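Inside the fold
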Amino acid sequence: MSTTAKTVEALVNREYEYGFVTDIEADQVPPGLDEDVVRLISAKKREPEFMLEWRLRAFRHWLKMGLAAGEPKWANVTYAPIDYQSIVYYSAPKQTAAPGRLDEVDPKLLETFEKLGIPLSEQKRLTGVAVDAVFDSVSVATTFKEKLAELGIVFCSFSEAVQNHPDLVEKYLGSVVPYTDNFFATLNSAVFSDGSFCYVPKGVRCPMELSTYFRINTAGSGQFERTLIVADEGSYVSYLEGCTAPRRDENQLHAAVVELVALEGAQIRYSTVQNWYAGDREGRGGIYNFVTKRGKCAGRGAKISWTQVETGSAITWKYPSVILQGDDSVGEFYSVALVNNHQQADTGTKMIHIGKNTRSTIISKGISAGHGNQTYRGLVKVRPRASSARNRTQCDSLLLGDRCGAHTVPYIEVANATASVEHEASTAKISEEQLFYCKQRGLSSENAVSMIVNGFCKEVFKNLPMEFAVEASKLLGVSLEGGVG
Amino acid sequence: MLSIRYLHAGVEGKDILRGIDLEVKAGEIHAVMGPNGSGKSTLAQVLAGHPAFAVTRGEVVYEGRNLLEMPPEERARAGVFLAFQYPIEIPGVSNAQFLKAAVNEVRTRQGLDELDAMEFLELLREKLALVEMDQSFVSRAVNEGFSGGEKKRNEILQMALLQPKLAILDETDSGLDIDALKIVANGINSLRTPDNAILLVTHYQRILSYVTPDRVHVLVGGRIVRSGGKDLALELEAKGYDWIREDAGAVQPARA
């Protein structure tokens with residue numbers, strides 16, 4: 001395995017490209033968390049009363065949780081205790097004008113996003129992708145907003161949604177992930193500062209990819225963003241999410257919540273390429289990524305697909321799930337997770353079958369290298385009323401080297417005899433024979449490993465929108481297959 | 001083109017090749033025959049640079065270069081091709097993707113421009129016809145779910161695409177029905193030019209009815225015990241390997 005191991009090290013030990021810090025004056029609250037901080041965040045955002053009330057209920061609940069069990073302990077990850085009083089809960093770049101107008105955005109911010117490959121200016125913006133750029137605690141710009149508005153699509157920062165569409169926010173906020181859901185989601189509900197909001201009206205097919213790019217910049221801050229996407233009856237939307245953070249020796253907390261609501265016949269595709277700073281080779285620093293993502297297929301025939309490529313973060317704790325409430329609704333989860341050095345990931349999904357004839361598919365590909373350790377944790381639950389529900393789960397692990405680990409923990413609860421649930425799991429290593437075969441055809445070790453890893457992930461990559469498939473593929477250090485075949 | 005001198009090699013301390021001497025010139029086809037366990041496949045693997053085999057003595061010179069010092073991918077880029085006896089599966093990687101990567105890797109090293117998708121498809125179509133494979137073949141994952149015959153034809157397809165200078169075919173004819181055998185033989189013959197050489201490792205004479213070798217060598221117990229013209233293959237077919245084993249003077253097979 002020596003050649004394989006060496007190759008893999010070269011491949012995955014490339015420098016983190018996005019580790020720079022933007023020097024910008026920030027408006028931030030002092031570290032620490034109490035009711036006043038929650039009120040302050042709400043006041044800074046000039047929120048209506050219902051939002052403040054909701055935050056406060058969450059905060060009080062969180063305090064109770066902290067006194068009781070605290071953080072969830074069941075995940076297969078270990079980390080030093082998080083000091084919640086040392087975190088800065090709100091940090092926003094100082095701006096002269098209200099955000100939203102590009103010509104008033106600090107050029108340093110535009111430059112930052114341009115460096116990250118997300119140009120925001122009118123001339124350079126990505127074609128076919130509308131972007132909401134979130135920097136620390138606030139959204140700095142949203143592109144193509146007007147164009148989307150012509151179709152009745154609302155795509156804006158969460159803060160703007162609270163101001164301009166309070167009825168929609170009030171109706172759907174917490175409808176999928178209630179503020180009592182879990183320790184990190186409850187914390188998020190109390191202190192979330194921004195995020196993206198999207199509403200696609202009845203029968204509208206969103207003509208472009210919607211995207212949010214999350215950037216953590218300020219040291220000692222946490223990012224607590226909240227995304228809410230509502231697809232009304234018969235509509236369609238595809239959503240992308242990307243994330244990066246500077247290289248730092250301290251850990252930073254990222255506790256986000258994403259809620260998706262798909263009404264009758266609606267379809268939501270949600271794709272993530274997560275590349276938070278992962279820490280250095282000795283495991284110093286990196287983001288603690290504790291995220292709650294859940295979608296609800298609220299109506300008949302609704303469909304929600306999660307596709308995630310997780311390569312960053314020191315710790316990933318994340319289970320994008322689907323509640324299949326409507327009859328004939330469909331849930332999908334496609335995941336590639338790569339851990340290297342001392343990264344730890346405990347990730348998977350939950351598929352909750354409530355409606356009749358509901359179907360779910362889970363395809364999870366885990367790649368472990370270095371001292372990386374990862375666990376697939378997945379729940380498939382079939383409720384008594386979910387007759388003829390079907391699930392297929394496939395979990396494959398690829399080990400590179402002999403110091404890493406991979407674990408699979410499936411939970412299956414079936415309460416309806418007509419349901420069918422399939423679970424397949426495999427663990428493999430890249431074999432010396434495969435490498436030799438590729439090299440005998442002239443491929444370098446690096447290219448050979450890339451190609452084999454890429455092949456291993458193919459079932460997931462093919463579910464990503466094209467722009468993201470390229471990025472995901474690059475992230476794994478692999479070149480995407482040519483235009484043939 | 002290829003000069004093997006006193007080559008000794010083995011795996012995990014066990015000697016398999018015990019002094020091979022062989023000269024192959026451009027334009028020639030050499031058949032290496034021998035009973036099971038005589039070291040035929042080991043010779044093929046050692047020439048391609050398989051890391052499991054250790055060379056203990058002797059040397060191999062290929063086009064004036066010390067072949068044994070070159071890593072396997074360098075050998076491939078320098079025009080050495082091995083058609084595997086048991087081709088390897090690579091799940092999720094399409095045949096087209098794999099072949100295009102290989103062709104372009106070799107082209108770049110030879111100072112040629114990479115082929116773009118259209119040019120590659122054009123070339124691929126032409127070569128597919130040669131091995132009588134249809135287009136669906138190229139979108140399937142490399143060797144995954146291929147029948148034995150398809151795998152062998154896929155090796156020949158790769159050879160036809162890569163146009164090696166020295167092609168080593170490791171029992172490519174084994175397990176083929178007569179139609180597939182003819183296709184494979186046709187592929188080999190099409191590669192035959194005054195500049196290329198072929199080393200055909202085989203257990204049976206039958207492929208030699210379609211591909212006429214310049215020289216036939218018989219390998220027993222890790223040594224070449226007899227060399228001759230194409231008639232030697234026919235003699236072997238008629239008399240079996242026991243005859244030559246006795247003739248060679250009770251050399252023990254290297255592998256039982």
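Scope of this entry: the structure provided in the associated data block. Sequence order sets the numbering: in each chain, residues are counted from 1 along the sequence as written. Key to labels: chains lettered from A, ligands numbered from 1, both in the order written. Given that this is a predicted model, residues contribute local features only at a pLDDT of at least 70 and side-chain atom pairs are listed and counted only at 80 or more, while totals for whole chains, interfaces and linings are drawn from all residues. Hydrogens are left out, water is left out, and the side-chain values use all remaining heavy atoms of the structure.

Overview of the environment of D195(B)
All names here are of chain B. Assignment of secondary structure puts D195 in the loop between helix 7 (178-191) and strand 10 (197-202). Counting along the chain gives 114 residues from D195 to F81, while the straight-line C-alpha distance between them is 15 Å. When sequence neighbours within four positions are dropped, the list of residues in contact with D195 reads M1, A26, G27 and K165. Elements are defined by DSSP. Helices are runs of H or I of four residues or more, strands are runs of E of two residues or more, and each kind is numbered from the N terminus. Contacts are assigned to residue pairs that have any heavy atoms within 4.5 Å of one another.

Thoughts on the packing of aromatic side chains
Residues and elements named next belong to chain A. Only Phe, Tyr and Trp rings take part, Trp by its six-membered ring, and two of them pair if their centres are within 6.5 Å. Stacked means planes under 30 degrees apart, edge-to-face means over 60, and tilted covers everything else. Using the criterion set out here, one finds 25 aromatic pairs over all chains in the structure. Ring centres of F158 and F197 lie 6.4 Å apart, and the angle between their planes is 85°; on these two criteria the pair is classed as edge-to-face. Of this pair, F158 sits in helix 6 (residues 158-164) while F197 sits in strand 6 (residues 196-200), and the two are 39 residues apart along the sequence. Between the aromatic rings of Y288 and F290, the centroid separation amounts to 6.1 Å while the plane-to-plane angle is 75°, which identifies the pairing as edge-to-face. Accessibility classification places Y288 together with F290 in one group, the buried group. Following the ring pairs from residue to residue traces out a cluster consisting of F59, W62, W74, Y79, Y84, F183, F184, Y288, F290, W317 and Y319. Accessible area is worked out with a 1.4 Å probe on protein chains only. A residue is then buried under 20% of its type maximum, exposed over 50%, and partly exposed in between.

Notes on the sheet that holds strand 1 (residues 2-11) of chain B
Residue and element names in this part refer to chain B. Overall, antiparallel pairing links the 4 strands, which are arranged 2-1-4-5 in an open sheet. For this open sheet the edge positions go to strand 2 (14-24) and strand 5 (65-66), each flanked by a neighbour on one side alone. The sheet contact formed by strand 4 (residues 54-62) and strand 5 spans 2 bridges and is antiparallel. Bridge pairing links V61 to N66 in strand 5. Two strands pair if DSSP finds at least two bridges between them.

Points about the interface of chain A and chain B
With 25 residues of chain A in contact, the opposing surface of chain B contributes 39 residues. By buried area we mean the combined loss of accessible area, with a 1.4 Å probe, across both parts when two parts are placed together. Where chain A abuts chain B, roughly 2,500 Å² becomes buried across the two surfaces, and 67% of that area is made up of carbon and sulfur atoms. Salt bridge, as applied in this entry: a Lys or Arg side-chain nitrogen positioned within 4 Å of an Asp or Glu carboxyl oxygen. Our enumeration of links across chain A and chain B arrives at 1 salt bridge. When the shortest N-O distance is used, the salt bridge between R441(A) and E155(B) registers 2.6 Å. Taken together, the elements giving at least two residues each to the side of chain A that touches chain B come down to helix 9 (432-440) and helix 10 (445-461) of chain A. For this classification, Asp, Glu, Lys and Arg are treated as charged, while Ala, Val, Leu, Ile, Met, Phe, Trp, Tyr, Cys and Pro are nonpolar and the rest, including Gly, are polar. Looking at the side of chain A that touches chain B residue by residue, the classes come out as 8 nonpolar, 11 polar and 6 charged.

Considerations on the pattern of salt bridges
Taken as a whole, this structure holds 28 salt bridges over all chains when the rule is applied. The salt bridge partner of K381(A) is E413(A), with a shortest N-O separation of 3.6 Å. Residue K381(A) is found in strand 20 (residues 373-382), and its partner E413(A) is found in strand 22 (residues 405-414); the two are separated by 32 residues along the sequence. We classify K381(A) as partly exposed; its relative accessible area is 26%. With a relative accessible area of 39%, E413(A) lands in the partly exposed category. With a closest N to O distance of 3.6 Å, K127(B) and E126(B) form a salt bridge. By relative accessible area, K127(B) is classed as buried at 12%. Taken together, the shared-partner salt bridges in this structure form one network comprising R300(A), D327(A), D328(A) and R385(A).

Here's the deal with a negative patch on the surface
Exposure above 30% relative accessible area and no salt bridge define the residues that can form patches, which grow by joining like charges within 9 Å and nonpolar side chains of Val, Leu, Ile, Met, Phe, Trp and Tyr within 5 Å. Here, Shrake-Rupley sampling with a 1.4 Å probe gives the accessible areas, and only protein chains in the shown set may cover a residue. The sign given to each residue is positive for Lys and Arg and negative for Asp and Glu; His and the chain ends receive no count. Charged side chains are reduced to one point each, which is NZ for Lys, CZ for Arg, CG for Asp and CD for Glu. Negative charge collects at one region of the surface, where D113(B), E114(B), D116(B) and E119(B) lie side by side. Looking at D116(B), the relative accessible area reads 41%, which means it is partly exposed.

Concerning the packing of helix 10 of chain A against helix 3 (residues 95-109) of chain B
Lines fitted to C-alpha atoms define the axes here, with helix axes fitted over just the stretch in contact, and angles between the N-to-C directions of these axes take values from 0 to 180 degrees. Put simply, helix 10 of chain A and helix 3 of chain B touch, their axes get as near as 12 Å, and they point 165° apart. Here helix 10 of chain A lies roughly antiparallel to helix 3 of chain B, going by the angle between them. As helix 10 of chain A runs across helix 3 of chain B, the sense of the crossing is right-handed. Where helix 10 of chain A approaches helix 3 of chain B, its residues N447(A), M451(A) and N454(A) are matched on the opposing element by Q97(B), F98(B), A101(B) and E105(B). Looking at the contact of helix 10 of chain A with helix 3 of chain B, its residues break down into 3 nonpolar, 3 polar and 1 charged. In this scheme, roughly parallel covers angles under 35 degrees and roughly antiparallel covers those over 145, while 65 to 115 is roughly perpendicular and the rest are oblique. By convention, the crossing between two helices is left-handed when the near helix turns anticlockwise from the far helix through less than a right angle, and right-handed when the turn is clockwise.

Re empty space enclosed by the protein
All names here are of chain A. Cavity: a set of points on a 1 Å grid over the protein atoms alone where a 1.4 Å probe fits but cannot get out. Pocket: an open set with protein on both sides within 12 Å along at least five of seven lines, its lining residues, like those of a cavity, having an atom within 4 Å of a point. Grid points are joined across faces, edges and corners, and a volume is the space filled by probe spheres set on the points. Applying the stated rule across the entire model yields 5 cavities of 30 Å³ or more. Quantified by volume, the largest cavity comes out at close to 100 Å³. As for the largest cavity, its lining consists of 16 residues, and the residues nearest its centre are S364, G366, Q374, T375 and Y376. Contributing elements (two or more residues each) for the lining of the largest cavity: strand 17 (330-339), strand 18 (344-353), strand 19 (359-368), strand 20, strand 21 (390-399) and strand 22. Residues belonging to the lining of the largest cavity are distributed by class as follows: 4 nonpolar, 10 polar and 2 charged.

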